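Reading the structure
As a plain string of letters, each chain reads:
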Amino acid sequence: STGGHNYVAMGLSITQSIGIADQNGSDIFEGDIISWANRLGNMALVKPSINKELKRKNFLEKKEILKSISPKLRINKLFEKYDEWNAGNIEARQRKLAEMAVETWKID
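For the structure given in this document, a descriptive report is provided here.

Rules used in this analysis
Residues numbered from 1 in each chain as written. Predicted model: local features only at pLDDT ≥ 70, side-chain atom pairs only at ≥ 80, totals over all residues. Heavy atoms only, no water. Helix = DSSP H or I, 4+ residues; strand = E, 2+ residues; numbered from the N terminus. Buried < 20%, exposed > 50% of the residue type's maximum accessible area, 1.4 Å probe, protein only. Contact = heavy atoms within 4.5 Å. Areas by Shrake-Rupley, 256 points an atom, 1.4 Å probe, with all protein chains shown as cover. Polar contact = N/O pair within 3.5 Å; in protein donor to acceptor, adjacent residues only side chain to side chain. Core = buried A, V, L, I, M, F, W, Y, C linked by side-chain atoms within 4.5 Å. Phe/Tyr/Trp six-rings, centres within 6.5 Å; stacked < 30°, edge-to-face > 60°.

Let's talk about the overall build of the chain
- For the chain, the count of helices and strands is five helices and two strands.
- Along the chain, helices and strands appear, N-terminal first, in the series β-α-β-α-α-α-α.
- Going through the 108 residues of the chain one by one, you find that 35% of them count as buried.
- The contacts in the chain between residues at least 6 apart in sequence include a share of 62% that link residues at least 24 apart.
- As presented, the chain carries roughly 7000 Å² of accessible surface, and 51% of it is formed by carbon and sulfur atoms.

As structure tokens, then:
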């Protein structure tokens with residue numbers, strides 16, 4: 001629950017991962033940034049004012065700010081276990097978000 005507050009989806013610092021091999025040995029190349037940046041696994045929920053503040057921060061800075069401003073927002077807590085932000089971690093977080101969605105919105 002967002003407690004009646006307005007939130008927006010914010011993309012994290014995927015551009016800082018250009019050329020950095022992820023845990024699976026693949027790279028995020030410059031031509032793939034938009035594809036990775038727009039994935040659900042790369043999004044966080046934040047208030048518009050916070051989104052503006054976070055735009056120019058690196059992943060670790062964003063992670064600490066998210067931790068302090070939304071400690072109970074489960075969707076953002078998933079970032080806490082990552083020390084770097086790369087393709088493998090985006091995919092892992094996206095899988096976890098899909099599992100959470102299935103748990104939350106069960107179809108009988």
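Description of helix α3 (residues 59-69)
- Those residues of α3 not exposed but buried are Phe59, Lys62, Lys63, Ile65 and Leu66.
- Its side-chain oxygen placed 3.1 Å from the backbone nitrogen of Leu60, Asn58 serves as the N-cap of α3.

Describing the side chain of Lys63
- Topologically, Lys63 is positioned in helix α3.
- Residue classification places Lys63 among the buried positions, given a relative accessible area of 9%.

Examining the nonpolar core
- If you look at the biggest cluster of nonpolar residues, it comprises 13 residues, and the most contacted ones within it are Val46, Leu54, Phe59, Leu66, Phe79 and Trp85.
- Among the elements of the structure, β2 (43-46), α2 (48-54), α3 and α5 (87-104) are those that each provide at least two residues to this core.
- For this core, the element with the most residues is α3, which contributes three residues.

Focus: the packing of aromatic side chains
- Tallied over the entire structure, the rule returns four aromatic pairs.
- Look at Phe59 and Phe79: their rings are 6.4 Å apart centre to centre, the planes differ by 65°, and that puts the pair in the edge-to-face class. A residue pair is termed long-range when its members are at least 10 positions apart, and Phe59 in helix α3 and Phe79 in the loop between α4 (74-77) and α5 qualify at 20 residues. A single burial state applies to Phe59 and to Phe79, both of which are buried.
- Ring centres of Tyr82 and Trp85 lie 5.4 Å apart, and the angle between their planes is 65°; on these two criteria the pair is classed as edge-to-face.
- Here the aromatic cluster, defined as three or more aromatic residues joined through ring pairs, consists of Phe59, Phe79, Tyr82 and Trp85.

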